[in-house]
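# A look at the structure
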Amino acid sequence: MPSGPIAILAGAGQLPIQLVDHLERTGQEVRVLAFRGFAEAELRRRAHATVDLLDLKTIMSTLEGWRPQAVSLVGAVRRPGFSALLSAYSLLRNMHEVKEVITRGDDQVLRGAVMLLEERGHRVVGAHELAPDLVASRSLSGTHSPNADDREAVTVGLDLLKSLSAFDIGQGAVIARRHVLAIEGPEGTDRMIRRVMKMRQSWFGLRRREEGGVLIKAAKRGQDLRVDMPTIGPRTVTEAARAGLSGIAVGAGSTFVLEQEKTLRTADRLGLFLVAVDLPWMEDALG
């Protein structure tokens, strides 16, 4: 067994908090490096170090001092501007190589970060490897079930996300039967759902009775599950209900469900189904 702590490089959201809680409950030694301006206040108070996102020299020197057995990048961060990324990465890498990475989109930037860590001798692992209980299993299901229209929407949504995998966009879409209502962009899942809600409002601010629709949240084909894994939680369910959706389908084995029991209870209470579906294009990645 490798020695040393597990280092969590923590961005925004509840996932880093839940991951640290899980590791501590299971008796594992943890070190938290919180990104200033991103990590939640609760986690910053518990962090062993806080650093600016682009302060790569401090990040690397801190990890060198900790000598972790594994490093995990967890939580959301906003992508800095091109010039800031170029300046930061060029301290550690050839400038031409850096330009090649950061002009290809967010996925490549994340992979570039993993590559930097691995080049320094760190083993990079995904949060799903450290805390598999947080991941949606194939058996995930609430008390409500999708109807025929919902199942059709899920099929269309999965086909859509598979087709879009080659492009650097989000991991979600909202589909009503065969109609694409929204595709997730840089704004994230919750704001995408709010766009759907606004579309369904009348001139007088009242939602029209345009019932149904499904949120599909799934990892992209070829996605490195060690970074930027799809995530939903209770707030996602609440937003979906406010938008008049029928339910949510997530990729089995490749989507985090935060506060899983609470998320399922919220879906049951609001009358939404919540199911996990297999993603054929993820079979190799999941083993």
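Here the residue numbering is sequential within each chain, running from 1 through the sequence in written order. Thresholds applied to this predicted model are a pLDDT of at least 70 for local features of residues and 80 or more for the giving and counting of side-chain atom pairs; totals over whole chains, interfaces and linings are not thresholded and use all residues. The side-chain values count all of the structure's non-hydrogen atoms but skip hydrogen atoms and water molecules.

### Remarks on the environment of E40
The line we're drawing: Per the convention used, a helix needs a DSSP run of H or I reaching at least four residues, while a strand needs a run of E reaching at least two, with both numbered from the N terminus. Relative accessible area decides the class of each residue, using a 1.4 Å probe on protein chains only: under 20% of the type maximum gives buried, over 50% gives exposed, and in between gives partly exposed. The contact criterion used throughout is that any non-hydrogen atoms of two residues lie within 4.5 Å. Throughout this description, a polar contact denotes any pair of N or O atoms lying within 3.5 Å of each other; where both atoms belong to protein, one of them has to be capable of donating a hydrogen while the other can accept it, and for residues adjacent in sequence the pair is counted only when both atoms sit in side chains.
In this fold, E40 is placed in the loop between strand 2 (30-35) and helix 2 (41-46). Since its relative accessible area comes to 30%, E40 is described here as partly exposed. Setting aside anything within four residues of it in sequence, one finds E40 in contact with G11, A12, G13, Q14 and I17. Only 2.9 Å separates the side chain of E40 from the backbone nitrogen of G13, close enough to count as a polar contact.

### Some details on the pairing of strand 4 (residues 70-74)
Threshold: At least two bridges found by DSSP between two strands is the condition for calling them paired.
For strand 4, the buried fraction is high: five of the five residues fall into the buried class. Residues A70, S72 and V74 of strand 4 are buried on one face, and the alternating residues V71 and L73, pointing to the opposite face, are buried as well. Two elements, strand 1 (residues 6-10) and strand 4, share five bridges in a ladder whose sense is parallel. Looking across to strand 4, one finds that A7 is bridged to V71.

### Quick look at the sheet that holds strand 11 (residues 273-277)
To be explicit about the condition: Inter-axis angles, ranging from 0 to 180 degrees, are taken between N-to-C directions of lines fitted to C-alpha atoms, where helices are fitted over the stretch in contact.
Here five strands make up an open sheet; going across it, the order is 6-5-7-9-11 and the pairing mixed. With partners counted over all chains shown, the strands left at the sheet margins are strand 6 (179-183) and strand 11, one partner each. For this sheet the average axis-to-axis angle between neighbouring strands, irrespective of direction, equals 20°. Bridge analysis of strand 5 (residues 172-176) against strand 6 gives four bridges, and the strand direction is antiparallel. In the strand pairing of strand 6, V174 is matched with A182. Against the sheet, helix 9 (residues 189-199) touches strand 5, strand 6 and strand 7 (214-217), its axis set at about 130° to strand 6.

By themselves, these figures tell us nothing about what the structure is for.
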